[in-house]
Protein chains: 2
Amino acid sequence: MAVTMKDVALRAGVSRSAVSRTFTKGASVSAKTRAKVEKAAAELGYSPNALASSLTTGRTKLIGLVSNNFHNPLFLEIFDLFTRGLQDRGLRPLLVNLSDETDPANSIRMLRQYSVDGVIVASSTLPPSFAEAFRSAGIPVVHSFGRYSTSPHVHVVGIDNVACGRMAAEALVARGYHRVAFMGGPESATSTQDRARGFLEAMREHPDIDVSISYAAAYSFDAGRAEMQRLLKAGPAQGYFCGDDVLSIGALSAIRDAGLNVPRDIGIIGFNDMEMAGWEYINLTTIRQPLPEIIDASIELVIATIEHPDRHPETRLFPCRVIERGTLPPLDRANTPRLAKPA
Amino acid sequence: MAVTMKDVALRAGVSRSAVSRTFTKGASVSAKTRAKVEKAAAELGYSPNALASSLTTGRTKLIGLVSNNFHNPLFLEIFDLFTRGLQDRGLRPLLVNLSDETDPANSIRMLRQYSVDGVIVASSTLPPSFAEAFRSAGIPVVHSFGRYSTSPHVHVVGIDNVACGRMAAEALVARGYHRVAFMGGPESATSTQDRARGFLEAMREHPDIDVSISYAAAYSFDAGRAEMQRLLKAGPAQGYFCGDDVLSIGALSAIRDAGLNVPRDIGIIGFNDMEMAGWEYINLTTIRQPLPEIIDASIELVIATIEHPDRHPETRLFPCRVIERGTLPPLDRANTPRLAKPA
DNA sequence: GGCATTTTTGCAACCGGTTGCAAAAGCGTC
DNA sequence: GACGCTTTTGCAACCGGTTGCAAAAATGCC
């Protein structure tokens, strides 16, 4: 069915090696034979079989892209950037959806069977051990959006969640609130743990401010809404740091339903700055992760590791920044107001 | 580096064929040798190279998943369903992002080089010719969310957009509006054309109702918002059918910014019922496409075509239905109210 | 033109599997 | 134990490429 090297060689009147060489850049072919081969190839509509060549070269140009986040709209942006970035570098993403409870070992075996050159694990909720399993299997891997570790066993690219927690705390402090809170995602997510830690750390410098923490059941709208409804009943804080934009939007929904105004009655700062956060309709003050940089670095790092497999595990963290929008009161720099403590 | 069949054969004291056979179901191996091989394989951590075997079997179990919609949150749900559905059937999605203006011919060549068993084109905006190019290249293909055609050259799975346009029209008529409009996505998208057609067709039966049509520049929040702002200035209709949920949310944002109330002043019915549409915060009345069914059918169809390449091109359309929420006035079935015409 | 040197070319072996075929082994029966 | 039949096994060729090596062709120089 498909046209192979042999057909082209026959038609061009050269050996199969010659055909192989005209399609391998840097190989030694005379201009004359190259022309003959290219003509024959064009006439037959030949294009080399990447899989067959991978057998001898040991490279498939396949990159496993593993994620368990198929419900957070941010990940559509992430997939967009990853697929484009990989394509631009001549690599092909083999997508693995870990969202149902498929055995992780399964996907590792699968990706090995397909001889992927490397793997990118894109998730802030998977444990470090998951990415490490690839490394033990001898597959170059980088964990994007993973947790920073001082003795990493695996490349990590992402952000400093502790610093972000601090940053959020400071944004709330700057509003003069005397009662603030962190509303995290599931407590088991490392990203949530770190943000909580940074938040508390920063608040320790403001002992006069009341701090509390609670966790939503998932990084989802419903979970955020439910958790905020619970908080509203219990008596809410003045300013919330929500561990994710979707969570924030859920919280906003609960707050408005309760007849309260954001940011007048309650202020919210979210996390991620997904596209939707910028919609005028939502207009969420939030903390932006520099996705393009993180993803570019992830790809570069996995490529570098493919080339030098013994490269030391490395952590690359990118700075985040607050995006001021409408869910926190405007910041008057000349005069950071301090709300009066209640009587 | 990697452990191959030969290593296992050596260790188990059998031939390479024996190893191959124990990993090929339905092959003839005695229980005794199978046990020996499995033991050796386990000890060495062997798993067969899928790519090498594809050379002789002609099957890679790779499915090209091609899309150009990496900005509409609906597609995250779609990718989730596709990847899970493919994985469940032992197939692997090779993701292709067509969103930048990469030459389509390029991705066809690429997918051929990787010998994908089949291709699924998931897009409502790509022209039919794109999917057809795969078919001419001899690659089984189905176009999901594609346009229905009476003489299809390619399998299409999706919805009847004309019928949906009609359905939306009827939903607006039922509210007793005397001035309605369709606000589509880009006029070049076949889905928009069809929805517009169905909408107009249905409205032809209500000559007393004013109908107008306009198009947003893209299927995006900003485009929907901008277009609605324009309409508001020009004097808006009472009820709008927006060709997509994201567009609808953009429109909602413009309407609220103008100080108007939905659904009291203006009613909106969207399209797609993406997850977000159900958020209380948004609460969009919309038309739901049965995504799981469409995606299941797409996968089944591509598998069937791989098995019988000469299968006739087929169209499978699934019924949509209106999801009543808060952006159209409630429907009082006993007494469909008819607003008084203006003086 | 002759010679040494460089470039190009084809042969053949290999990558990691599968599979048709014939020989070998196993089995049941007399 | 011999016989016929079925099952299991290994050999060898093949899938579609790549690549080291030595022979062949081209090139440069005198």
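Residues numbered from 1 in each chain as written. Chains lettered and ligands numbered in written order. Predicted model: local features only at pLDDT ≥ 70, side-chain atom pairs only at ≥ 80, totals over all residues. Heavy atoms only, no water.

Side note on the pattern of salt bridges
Residue and element names in this part refer to chain A. According to the stated counting rule, one finds 38 salt bridges over all chains in the structure shown. With a closest N to O distance of 3.6 Å, arginine 89 and aspartate 296 form a salt bridge. In this pair, arginine 89 is assigned in the loop between helix 5 (74–88) and strand 2 (92–97) and aspartate 296 in helix 12 (residues 291–307), connecting sequence segments 207 residues apart. For arginine 89, a relative accessible area of 27% puts it in the partly exposed group. Assessed through its relative accessible area of 38%, aspartate 296 is described here as partly exposed. Across the pair arginine 230 and glutamate 227 runs a salt bridge, and its minimum N-O distance is 2.7 Å. Of the two residues, arginine 230 and glutamate 227 both sit in helix 10 (residues 221–234), 3 residues apart, roughly one turn of that helix. Given a relative accessible area of 45%, arginine 230 falls into the partly exposed group. (Salt bridge = Lys/Arg side-chain N within 4 Å of Asp/Glu carboxyl O. Helix = DSSP H or I, 4+ residues; strand = E, 2+ residues; numbered from the N terminus. Buried < 20%, exposed > 50% of the residue type's maximum accessible area, 1.4 Å probe, protein only.)

Some details on the protein's contact with DNA strand C
Around DNA strand C, 25 residues are found, and the nearest of them are Arg21(A), Ser30(A), Thr33(A), Met5(B) and Ser20(B). Here a base nitrogen of DNA strand C and a side-chain polar atom of Arg16(B) are 3.0 Å apart. Among the elements of the structure, helix 2 (16–22) and helix 4 (50–57) of chain A together with helix 2 (16–22) and helix 4 (50–57) of chain B are those that each provide at least two residues to the surface near DNA strand C. Residue composition of the surface near DNA strand C, grouped by class: 9 nonpolar, 12 polar and 4 charged. (Near = heavy atom within 4 Å. Polar contact = N/O pair within 3.5 Å; in protein donor to acceptor, adjacent residues only side chain to side chain. Nonpolar A, V, L, I, M, F, W, Y, C, P; charged D, E, K, R; others polar.)

Let's talk about helix 12 (residues 291–307) of chain B
Residues and elements named next belong to chain B. The end-to-end C-alpha distance of helix 12, which contains 17 residues, comes to 24 Å, matching closely the 24 Å that a straight helix rising 1.5 Å per residue would cover. What helix 12 keeps buried is the set Leu291, Ile294, Ile295, Ala297, Ser298, Ile299, Leu301, Val302, Ala304, Thr305 and Ile306. Here the buried face of helix 12 lies against strand 1 (62–67), helix 5 (74–88), strand 3 (118–122), strand 4 (141–144), strand 5 (155–159) and strand 11 (315–318). (Expected span 1.5 Å × (residues − 1). Contact = heavy atoms within 4.5 Å.)

Things to note about the nonpolar core
Within the largest apolar cluster, 153 residues are counted, with the highest numbers of intra-cluster contacts made by Met228(A), Tyr240(A), Met228(B) and Tyr240(B). For Met228(B), the residues in contact, after removing those within four places along its chain, are Met183(B), Tyr240(B), Ala251(B), Ala254(B), Ile255(B) and Ile268(B). Membership of the second largest hydrophobic core comes to 44 residues, among which are Phe130(A), Ala131(A), Val116(B) and Val119(B). (Core = buried A, V, L, I, M, F, W, Y, C linked by side-chain atoms within 4.5 Å.)

Section: the protein's contact with DNA strand D
Around DNA strand D, the surrounding shell holds 26 residues, and the nearest of these are Ser20(A), Thr56(A), Arg21(B), Ser30(B) and Thr33(B). Of all atoms in DNA strand D that approach within 4 Å of the protein, 58% are sugar or phosphate atoms. At a separation of 2.9 Å, a sugar or linking oxygen of DNA strand D approaches a polar side-chain atom of Thr56(A). Within the side chain of Ser28(B), one N or O atom sits 3.3 Å away from a phosphate oxygen of DNA strand D.

Details of the sheet that holds strand 9 (residues 267–272) of chain A
All names here are of chain A. Pairing is mixed in the open sheet, where 6 strands are placed in the order 7-6-8-9-10-12. Each edge of the open sheet carries a strand with a single partner, namely strand 7 (210–215) and strand 12 (321–323). Within this sheet the neighbouring strands show an average axis-to-axis angle of 25°, counted without direction. The pairing of strand 9 with strand 10 (residues 286–288) spans 3 bridges and is parallel. Residue glycine 270 lies in a different strand from strand 10, and its bridge partner there is threonine 286. (Pairing = 2+ DSSP bridges. Axes fitted to C-alpha atoms, helices over the stretch in contact; angles between N-to-C directions.)

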